[in-house]
Amino acid sequence: MRIVVKELLYAVKTLFTTTKDRVVLLGLVLIAAIISVSELAVAKLFTDIIDFEKTMSKTNLIILIIGFFLFFGITKAGHFLQRVYKVRFFEKAFKESSTDVPAAKENWRWSLAFELTNILSTCTQLGVVILFFAYLSWQFAVINVLVVLAIFQFYGMLFSNQLDAQRGFVIARKNKEQITNAVRIGTRVKSGEIGVLISGIAMLILLGVLIYLSYIDGISTSNTIVLFFGLKMQNSNFSNISTALMRFARARTNSE
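Please read all numbers here as calculations on a predicted model, not as lab measurements.

J.: Any chance you could explain the overall build of the protein chain here in plain terms?
T.: The number of helices and strands found in the protein chain is seven helices and zero strands. The secondary structure elements of the protein chain, listed N-terminal to C-terminal, are α-α-α-α-α-α-α. Counting only residues that meet the buried cut, the protein chain has 42% of its 256 residues in that class. Restricting the contact set of the protein chain to residue pairs at least 6 apart, pairs at least 24 apart contribute 81%. By element, 67% of the accessible surface of the protein chain is carried by carbon and sulfur atoms, the whole surface being about 14100 Å².

Shown next as structure tokens:
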């Protein structure tokens, strides 16, 4: 896991050379995290509407429904604006950068920047989801944290192996050695999908824990539903991180 942190920090320092750009990068990452919390809040609001629609007043129900649709629309608009602004930000940051990058490696620098922000944003979202879990059920959150740490440790090993493999491909290309696309692409895809598989297995384990805690009345029904949505989001985040790390390794080695 340490090698992942090390490479991400290196990419931040080399791609975004000014303090201002790094602050903007942090802002983009935090916005992505806020959006993820909003999506879980939308799910919580929806379950509250379903649970109490027959017991609350008509006025309160209408307010909740309007709030739900407004909240939902804001989260989707936030996703769109954050992703569109990223491109403009990269272009501006690269122009202001003092680093001289050969034209042949310019595309790889863009790829590295996209994968870097993707990983940082997703990891931040994951952290916020974990905190949201703790708010809903500390027992489930503790088990979840242990599982998350184990997954990241495994991802670190996959990432380290992928860096070695991609550097080998770069050296082979410089030596004009022929390596088939099936090998070059297959190596990256296989590693990413192994990570996705591991996160899927972890989700099944956590779902079992969630069902058990709900069965013994350790978690309310509405919170169980929200935690289920949160687990799906967490699993999606892990899948995204796994494949993005392998693309990051490719961009990192080709931009060296």
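What follows picks up the thread again.
J.: I would appreciate a short explanation of the packing of helix H1 (residues 2-15) against helix H4 (residues 106-136) in the present structure.
T.: Relative orientation and spacing of two packed helices are given, respectively, by the angle between their axes and the distance between those axes. Two numbers describe how H1 lies on H4: the axes approach to 10 Å, and their chain directions differ by 130 degrees. When the axis of H1 is compared with that of H4, the two are oblique. Note that H1 runs across H4; the crossing there is left-handed. Touching Leu8, Ala11, Val12 and Leu15 of H1 are Arg109, Leu112, Ala113, Leu116, Ile119 and Leu120, all from H4.

J.: Help me understand the pattern of salt bridges, please; the structure alone is not making it clear to me.
T.: Tallying each qualifying case throughout the model produces two salt bridges. Ionic pairing is found between Glu7 and Arg252, a salt bridge with its closest N-O pair at 2.6 Å. Of this pair, Glu7 sits in helix H1 while Arg252 sits in helix H7 (residues 221-254); the two residues are 245 residues apart in sequence, bridging distant segments of the chain. Owing to a relative accessible area of 7%, Glu7 belongs among the buried residues under this scheme. A residue is classified by how much of its surface remains accessible, and Arg252, at 8% relative accessible area, is buried. Put simply, Glu115 and Arg247 hold a salt bridge, and the shortest N to O gap is 2.9 Å. Of this pair, Glu115 sits in helix H4 while Arg247 sits in helix H7; the two residues are 132 residues apart in sequence, bridging distant segments of the chain. With relative accessibility at 13%, the residue Glu115 sits in the buried group. For Arg247, a relative accessible area of 25% corresponds to the partly exposed category.

J.: How should the confidence of the model for the protein chain be read in this particular structure?
T.: As a general rule, the predicted coordinates of low-pLDDT regions are not to be interpreted in detail. Averaged over all residues, the pLDDT of the protein chain equals 81, while 82% of them reach at least 70. When the elements of the protein chain are averaged for pLDDT, helix H3 (residues 58-96) gives the smallest value, 71, and helix H5 (residues 138-174) the largest, 90.

J.: In this structure, what is going on with the nonpolar core? I would like to understand it.
T.: Generally speaking, nonpolar side chains in soluble globular proteins are found buried as a group. Judged by nonpolar contacts, the single largest core of 52 residues is most densely connected at Leu15, Phe16, Leu116, Phe140, Leu231, Leu245 and Phe248. Elements represented by at least two residues in this core include exactly H1, helix H2 (19-52), H3, H4, H5, helix H6 (181-215) and H7.

J.: Where do I start with a nonpolar patch on the surface in this structure?
T.: On the surface, a nonpolar cluster with roughly 220 Å² of combined accessible area is contributed by Met1, Val145 and Leu149. Along the chain, the position of Leu149 falls in helix H5.

J.: Quick question: what am I supposed to make of the side chain of Thr224 here?
T.: Within the element layout of this structure, Thr224 appears in helix H7. With relative accessibility at 13%, the residue Thr224 sits in the buried group. Within the structure, Thr224 has its side chain in polar contact with the backbone oxygen of Ser220 (distance 2.7 Å). Those residues in contact with Thr224, other than ones at most four positions away along the chain, are Leu210, Ser214 and Ile219.

J.: Is there a simple way to explain the side chain of Asn118 in this structure?
T.: Looking at the secondary structure, you find Asn118 in helix H4. Of note is the side chain of Asn118, whose polar atom sits 3.1 Å from the side chain of Asn240. When neighbours within four sequence positions are excluded, Asn118 is seen to be in contact with Asn240, Ala244 and Arg247.

J.: What should I look at first to understand the packing of aromatic side chains in this one?
T.: Aromatic ring pairs are described here by two measures, namely the spacing of the ring centres and the angle between the planes. All chains considered together, the criterion is met by 13 aromatic pairs. Ring geometry for Phe90 against Trp110: centres 6.1 Å apart, planes inclined by 80 degrees, an arrangement best described as edge-to-face. With Phe90 in helix H3 and Trp110 in helix H4, this pair connects stretches of sequence that are 20 residues apart. Of the residues examined, Phe90 reaches a relative accessible area of 0% and is grouped as buried. We classify Trp110 as partly exposed; its relative accessible area is 23%. Look at Phe228 and Phe229: their rings are 6.0 Å apart centre to centre, the planes differ by 55 degrees, and that puts the pair in the tilted class. For Phe229, a relative accessible area of 35% gives the class partly exposed.

About the criteria used
Residues numbered from 1 in each chain as written. Predicted model: local features only at pLDDT ≥ 70, side-chain atom pairs only at ≥ 80, totals over all residues. Heavy atoms only, no water. Helix = DSSP H or I, 4+ residues; strand = E, 2+ residues; numbered from the N terminus. Buried < 20%, exposed > 50% of the residue type's maximum accessible area, 1.4 Å probe, protein only. Contact = heavy atoms within 4.5 Å. Areas by Shrake-Rupley, 256 points an atom, 1.4 Å probe, with all protein chains shown as cover. Axes fitted to C-alpha atoms, helices over the stretch in contact; angles between N-to-C directions. Parallel < 35°, antiparallel > 145°, perpendicular 65-115°, else oblique. Left-handed = near helix turned anticlockwise from the far one by under 90°. Salt bridge = Lys/Arg side-chain N within 4 Å of Asp/Glu carboxyl O. pLDDT = per-residue confidence, 0-100. Core = buried A, V, L, I, M, F, W, Y, C linked by side-chain atoms within 4.5 Å. Patch = residues over 30% accessible without salt bridge, like charges linked within 9 Å, V, L, I, M, F, W, Y side chains within 5 Å. Polar contact = N/O pair within 3.5 Å; in protein donor to acceptor, adjacent residues only side chain to side chain. Phe/Tyr/Trp six-rings, centres within 6.5 Å; stacked < 30°, edge-to-face > 60°.

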